[in-house]
Amino acid sequence: SAFDVFVLRQWKEFGICNFTVPILGMLGDNGGWFSDGKRTLFGAPLFSERARNLAGQYARQFDEHWREAFPPQLRYFSYIYDEPAPKVYAELNRLTGEIKRQAPDFRFFTPHTVDPELPHFTVFAVPFSFGYVKSELERGREIWYYNWPHPLDHHNYIKKRLYA
């Protein structure tokens, strides 16, 4: 597919190893849900059971395809919400919970301190504070540092990106 060609090209030409998932991304930020939550997901209202179910089906199929199409050093993540505030946790957890139920290995990312109230997130981007994240690393959690959208990839990618 065109998507597969894109991913492989980015990896081979620029050394990019982490990719965002199409569709399941940026549904809101610290201010709340975009479009006040009136947005649709796969044609269904965002907070509906149908949208959650379809999102789970999509995530399962995406994860299965990813594992078949790409080598294990290439990974994906869904940047589904930017810096979620506690006021959106209930709906966000319903959505991410259904997705994880259908696709247990699906990876969610958010720039946010590690929060046990967000149990379905796989990757947190945290402020620089080594002591703070040590316990999370020991638990096997993946931690990225804030202000960079993904781990520092191959230097040729960075060089081309910054000095193009």
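The notes below deal with the structure included here.

Description of the pairing of strand β8 (residues 123-126)
Here β8 shows two buried faces, one formed by Val123 and Ala125 and the other by Phe124 and Val126. By the bridge criterion, three bridges tie strand β7 (residues 109-111) to β8 in an arrangement that is parallel. Note that in β8 the partner of Phe109 across the bridge is Val123.

Some words on the side chain of Asp63
Examined against the element boundaries, Asp63 turns out to sit in helix α2 (residues 49-69). Judged by its relative accessible area of 8%, Asp63 falls in the buried class. Within the structure, Asp63 has its side chain in polar contact with the side chain of Tyr76 (distance 2.5 Å). In this structure Asp63 touches Tyr76 and Asp105, once residues within four positions along its chain are discounted.

Description of the nonpolar core
Ranked by size, the top nonpolar core spans 36 residues in total, and within it Leu24, Trp66, Ile80, Ile99 and Phe106 carry the most contacts. When residues of this core are assigned to their parent elements, the largest contribution, six residues, is made by α2. In contact with Ile80, other than residues within four places in its own chain, are Leu24, Gly25, Met26, Leu27, Gly28, Leu92, Leu95, Thr96, Phe108, Phe109 and Phe121.

What counts, and at which threshold
- Residues numbered from 1 in each chain as written.
- Predicted model: local features only at pLDDT ≥ 70, side-chain atom pairs only at ≥ 80, totals over all residues.
- Heavy atoms only, no water.
- Buried < 20%, exposed > 50% of the residue type's maximum accessible area, 1.4 Å probe, protein only.
- Helix = DSSP H or I, 4+ residues; strand = E, 2+ residues; numbered from the N terminus.
- Pairing = 2+ DSSP bridges.
- Polar contact = N/O pair within 3.5 Å; in protein donor to acceptor, adjacent residues only side chain to side chain.
- Contact = heavy atoms within 4.5 Å.
- Core = buried A, V, L, I, M, F, W, Y, C linked by side-chain atoms within 4.5 Å.

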